[in-house]
Amino acid sequence: MGISQQQLIQRLVPRLVRFRQTNFYRIIQRTLMLIFPFILIGTFSQIIQLTVLTK
């Protein structure tokens, strides 16, 4: 009754490949790549604030 791993791969891979080729995926991917450095800097500043600048 369950789906084997091979069957699951055969069903999911073509769908994921098609999804990766859509404009929506590309827009989201580029947006996240542009935002990532700011998130990283913000995270480091929060860590420094919590560990160094608090009593």
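Here we summarise the structure given alongside this text. Not measured: the values here are computed from a predicted model. (Residues numbered from 1 in each chain as written. Predicted model: local features only at pLDDT ≥ 70, side-chain atom pairs only at ≥ 80, totals over all residues. Heavy atoms only, no water.)

Here we take up the overall build of the protein chain. Across its full length, the protein chain carries two helices and zero strands. What you see for the protein chain is a C-alpha radius of gyration of 20 Å, clearly larger than the 10 Å of a compact globule of 55 residues, by over 25%. In terms of principal-axis extent, the alpha carbons of the protein chain reach across some 60 × 30 × 10 Å. Of the accessible surface of the protein chain, which amounts to about 5,700 Å², a share of 67% is contributed by carbon and sulfur atoms. (Helix = DSSP H or I, 4+ residues; strand = E, 2+ residues; numbered from the N terminus. Rg over C-alpha atoms; globule rule 2.2 N^0.38 Å. Areas by Shrake-Rupley, 256 points an atom, 1.4 Å probe, with all protein chains shown as cover.)

With that out of the way, let us pick up the packing of aromatic side chains. Applying the stated criterion across every chain, the model contains one aromatic pair. Ring geometry for Phe 19 against Tyr 25: centres 5.5 Å apart, planes inclined by 70°, an arrangement best described as edge-to-face. Classification of Tyr 25 as partly exposed rests on a relative accessible area of 23%. (Phe/Tyr/Trp six-rings, centres within 6.5 Å; stacked < 30°, edge-to-face > 60°. Buried < 20%, exposed > 50% of the residue type's maximum accessible area, 1.4 Å probe, protein only.)

Structurally, Gln 46 can be placed in helix H2 (residues 23-51). Given a relative accessible area of 52%, Gln 46 falls into the exposed group. Between the C-alpha atoms of Gln 46 and Gln 5, which are 41 residues apart in sequence, the distance is 42 Å.

In this section: H2. Between its first and last C-alpha atoms H2 spans 42 Å; for 29 residues at 1.5 Å apiece the expected length is 42 Å, and the two agree. For H2, the principal kink sits at Ile 35 and spans about 35°; a proline, Pro 37, occurs within the next four residues. (Expected span 1.5 Å × (residues − 1). Bend = angle between axes of the 7 residues up to and from the residue.)

Let us look at a nonpolar patch on the surface. Among the surface-exposed residues, Ile 3, Leu 8, Leu 12 and Leu 16 lie close enough to one another that they form a single nonpolar patch of about 360 Å² accessible area. Relative to the assigned elements, Ile 3 resides in the segment before helix H1 (5-20). (Patch = residues over 30% accessible without salt bridge, like charges linked within 9 Å, V, L, I, M, F, W, Y side chains within 5 Å. Salt bridge = Lys/Arg side-chain N within 4 Å of Asp/Glu carboxyl O.)

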